Amino acid sequence: MAARSFKQELVGVFGQPVAENPTQVMIEAAFRQMGLDWRYLTLEVAPKDLPAAIAGMRAMGFRGINCTIPHKVAVVSLLDELTPAARAIGAVNCVARQGDKLLGENTDGKGFLQSVQAQGSVKGKSAVILGAGGAARAIGVELLRAGAGSLTVVNRSEARGQELLQVLEAVAPGRSTFTRWVGDYVVPEGTDLVIQATSIGLYPDIEARVPLDIDSLRPNMIVCDVIPNPPRTRLVREAEAAGCVVLDGLGMLVNQGVIGIQLWTGRDPDPTVMRQALLDVFE
Ligand code: NDP
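Rules used throughout
Residues numbered from 1 in each chain as written. Predicted model: local features only at pLDDT ≥ 70, side-chain atom pairs only at ≥ 80, totals over all residues. Heavy atoms only, no water. Pairing = 2+ DSSP bridges. Helix = DSSP H or I, 4+ residues; strand = E, 2+ residues; numbered from the N terminus. Contact = heavy atoms within 4.5 Å. Axes fitted to C-alpha atoms, helices over the stretch in contact; angles between N-to-C directions. Parallel < 35°, antiparallel > 145°, perpendicular 65-115°, else oblique. Left-handed = near helix turned anticlockwise from the far one by under 90°. Nonpolar A, V, L, I, M, F, W, Y, C, P; charged D, E, K, R; others polar.

Trainee: Outline the sheet that holds strand 3 (residues 64-67), supporting the account with residue identities and numerical values.
Mentor: In any sheet, the strands associate via hydrogen bonds between backbone groups, in a parallel or an antiparallel arrangement. A sheet is described by the order of its strands in space; here six strands give the open sequence 2-1-3-5-6-4, paired in mixed fashion. Two strands lie at the open edges of the sheet, namely strand 2 (38-44) and strand 4 (81-82), each paired on one side alone. The sheet strands contacting helix 8 (residues 249-265) are strand 1 (9-15), strand 2, strand 3, strand 5 (94-98) and strand 6 (101-105), and the helix crosses strand 5 at an angle near 15°.

Right under this line is the structure:
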């Protein structure tokens, strides 16, 4: 009889709250399809316990971990190395063990970029990002790194918007501006990409309206929503009706999961299996 190992390789997610995080479903669907006996654990970790949790994953030989709210910034100081993107963004959502070292990467913006670049290059394009939180920060940094020509950050709170502007200026000086979000935002003529990166529309508040003048959308614009659940947000439906190319938040979620699996296993998972697994649980 061939030797058989009863020890699974472990990855997972640290967050709080974390119970509603569906990542396990898509990652384990990919592992099954790849024939890998790996587990993805959904683990509730309080902020005060994060150092012990990272020490624990090192001790137990986890191959990697995702970090979600509220750990993406705090985890940075607990790791051995950061990728250039994670350093520029100042936050990590994916940790990979490389030998006895932990490498921090930020896959949110890269996942987003892959979705957009499936429609064409972003080089020289002009983008509007609604929101200035963690998702907007990762997306903004990756858009500039990929050569976007101009970026307008639109945010309700001035302080957070200015903070993001400083991060973007450090990546590519002179290409970004900040606009305070008051009333319905009118998208300037000539904009190529409109990115909804706030938490408006996330389940269960699914009919919440993004303050945006839908009449200012043009059919040649690509409109992206980061909200993964539900994928067909109110904005997605309205932008489709306006004739725009529309990208939902599920694409970004799946793509960042693909990058995480590549980092952890060195192999390419099937994104369609992952997307379908998420659609099955969101129904
Ligand atoms: P943060 O809490 O860091 O930021 C939230 C942002 O939303 C802020 O800019 C905030 O503005 C803005 N905002 C919230 N409510 C309103 C409102 N009513 N009107 C105007 N602005 C508002 O969150 P994250 O950036 O981490 O996450 C944002 C969303 O992105 C989440 O819903 C998350 O699910 C999604 N996401 C999706 C991913 C994917 O793979 N699809 C990956 C990562 C995140 P202000 O500064 O004024 O408070």
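After presenting the structure, the write-up continues.
Trainee: Could you give an account of the sheet that holds strand 10 (residues 193-196), with specific residues and numbers?
Mentor: With respect to topology, six strands assemble into an open sheet ordered 9-8-7-10-11-12, the strand pairing being parallel. Strands at the two margins of the open sheet, each flanked by one partner only, are strand 9 (176-180) and strand 12 (245-247). If you compare each strand with its neighbour and ignore which way they point, the axes differ by 15° on average. Of the strand pairs in this sheet, strand 10 and strand 11 (residues 222-225) are connected by four bridges, and their pairing is parallel. Bridging across to strand 11, Leu193 finds its partner in Ile222. Along the sheet, helix 7 (residues 234-241) contacts strand 10, strand 11 and strand 12; its crossing angle with strand 11, the most-contacted strand, is approximately 170°.

Trainee: Could you give an account of the packing of helix 4 (residues 108-117) against helix 5 (residues 134-145), with specific residues and numbers?
Mentor: Two elements in contact, helix 4 and helix 5, have axes whose closest approach is 7 Å; the angle formed by their N-to-C orientations is 60°. The orientation of helix 4 relative to helix 5 falls into the category oblique. Remark: the crossing between helix 4 and helix 5 carries right-handed chirality. For the pair formed by helix 4 and helix 5, the contact residues are Asp108, Gly109, Lys110, Phe112 and Leu113 on the first element and Ala138, Ile139, Glu142 and Leu143 on the second. Across the contact of helix 4 with helix 5, the residue classes tally to five nonpolar, one polar and three charged.

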